[in-house]
Amino acid sequence: QVQLVESGGGLVQAGGSLRLSCAASGRALSSYVMGWFRQAPGKERELVAGISWSGTYYPDSVKGRFTISRDNAKNTVFLQMNSLKPEDTAVYYCAATLRAITTYANAYPYWGQGTQVTVSS
């Protein structure tokens, strides 16, 4: 079983950048498909980036602005977020699954505790 801990959230002005990290322990992250989700108040949890052995996935809402990457040597997954908008404000979670990349949160059995990202206008 893998344990996940996110970091790097904070307050940033619109147009700014943040880099989130998700550090894993217990098992190698290279064994998993990883996803970054976000959840804003009153909204469902939304996949904003996924990475597998064959590629990456981004929804249109973040494509071209967000980049997911992994450093297997550090057992860490990153989410680089550029050109941030107020609508990107949410709690961001990393998640792991042994299945293919999917937008369904229930398909990811392992979750971090989340990190708050707030984008001011």
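Residues numbered from 1 in each chain as written. Predicted model: local features only at pLDDT ≥ 70, side-chain atom pairs only at ≥ 80, totals over all residues. Heavy atoms only, no water.

Trainee: Is there a simple way to think about the state of the cysteines in this case?
Mentor: Linking two cysteines covalently via their sulfur atoms produces the bond known as a disulfide. All chains considered together, the criterion is met by one disulfide. Here Cys22 pairs with Cys94 through a disulfide, and the sulfurs are 2.0 Å apart. For the disulfide bridge between Cys22 and Cys94, the dihedral angle about the S-S bond is near 55°, and by the sign convention the bridge is right-handed. Of the two residues, Cys22 sits in strand 3 (residues 18-25) while Cys94 sits in strand 9 (residues 90-97), which places them 72 residues apart along the sequence. Residue class for Cys22 comes out buried when judged on its relative accessible area of 0%. Residue classification places Cys94 among the buried residues on the basis of a relative accessible area of 0%. (Disulfide = S-S within 2.5 Å. Helix = DSSP H or I, 4+ residues; strand = E, 2+ residues; numbered from the N terminus. Buried < 20%, exposed > 50% of the residue type's maximum accessible area, 1.4 Å probe, protein only.)

Trainee: It is not clear to me how the packing of aromatic side chains should be interpreted in this structure. Could you clarify?
Mentor: Summed over the entire model, instances satisfying the criterion amount to five aromatic pairs. For the pair Phe37 and Tyr108, a centre-to-centre distance of 5.0 Å together with 80° between the ring planes defines the contact as edge-to-face. Taken together, the residues span a long stretch of sequence, with Phe37 in strand 4 (residues 33-39) and Tyr108 in the loop between strand 9 and strand 10 (110-111) at a distance of 71 residues. Taking 5.0 Å as the distance between ring centres and 50° as the angle between the ring planes, the aromatic pair formed by Phe37 and Trp111 counts as tilted. (Phe/Tyr/Trp six-rings, centres within 6.5 Å; stacked < 30°, edge-to-face > 60°.)

Trainee: Honestly, unusual backbone geometry in this entry has me stumped. Any pointers?
Mentor: The phi angle of most residues is negative, glycine excepted, and most peptide bonds adopt the trans form. Of note in the backbone geometry, Asn75 takes a positive phi value of approximately 55° without being a glycine. Note that Asn75 resides in the loop between strand 7 (66-71) and strand 8 (76-81).

Trainee: What exactly am I supposed to notice about the nonpolar core here?
Mentor: The nonpolar side chains of soluble globular proteins are, as a tendency, buried together. Ranked by internal contacts, the top residues of the largest apolar core, which has 29 residues, are Leu4, Met34, Trp36, Phe66, Leu79, Met81 and Tyr92. Residue assignment for this core shows that the elements contributing at least two residues are strand 3, strand 4, strand 5 (46-51), strand 7, strand 8, strand 9 and strand 11 (115-120). Setting aside residues up to four positions removed in sequence, Leu4 forms contacts with Cys22, Ala23, Ala24, Leu29, Met34, Cys94, Ala95, Ala96, Tyr110, Trp111, Gly112 and Gln113. In this structure, Phe37, Ala95, Ala107 and Tyr108 belong to the second largest nonpolar core, which totals five residues. (Core = buried A, V, L, I, M, F, W, Y, C linked by side-chain atoms within 4.5 Å. Contact = heavy atoms within 4.5 Å.)

Trainee: Looking at this structure, how should I read the pattern of salt bridges?
Mentor: Inspection of the entire model under this criterion finds four salt bridges. Measuring nitrogen to oxygen at the nearest pair gives 3.4 Å for the salt bridge that ties Asp60 to Lys63. According to the relative accessible area criterion, Asp60 is exposed, its value standing at 66%. For Asp88, the salt bridge is made with Arg65, and the minimal N-O distance between the two is 2.8 Å. Pair noted here: Asp88 is in the loop between strand 8 and strand 9 and Arg65 is in the loop between strand 6 (56-57) and strand 7, with a separation of 23 residues, a long-range link. (Salt bridge = Lys/Arg side-chain N within 4 Å of Asp/Glu carboxyl O.)

Trainee: Help me out: how do you make sense of the pairing of strand 4 in this one?
Mentor: Sheet faces and side chains relate simply in a regular strand, where the side chains alternate between the two faces. With six of seven residues buried, strand 4 is to be regarded as a mostly interior element. Strand direction decides the pairing type here: strand 4 and strand 9, joined by seven bridges, are antiparallel. From the neighbouring strand, Gln39 faces strand 9, where its bridge partner is Val91. Pairing of strand 4 with strand 5, which is carried by five bridges, proceeds in the antiparallel orientation. Following the sheet pairing, Arg38 is matched in strand 5 by Glu46. Here strand 4 hands over to strand 5 after six residues, with Gly42 in that stretch at a positive phi of 80°. (Pairing = 2+ DSSP bridges.)

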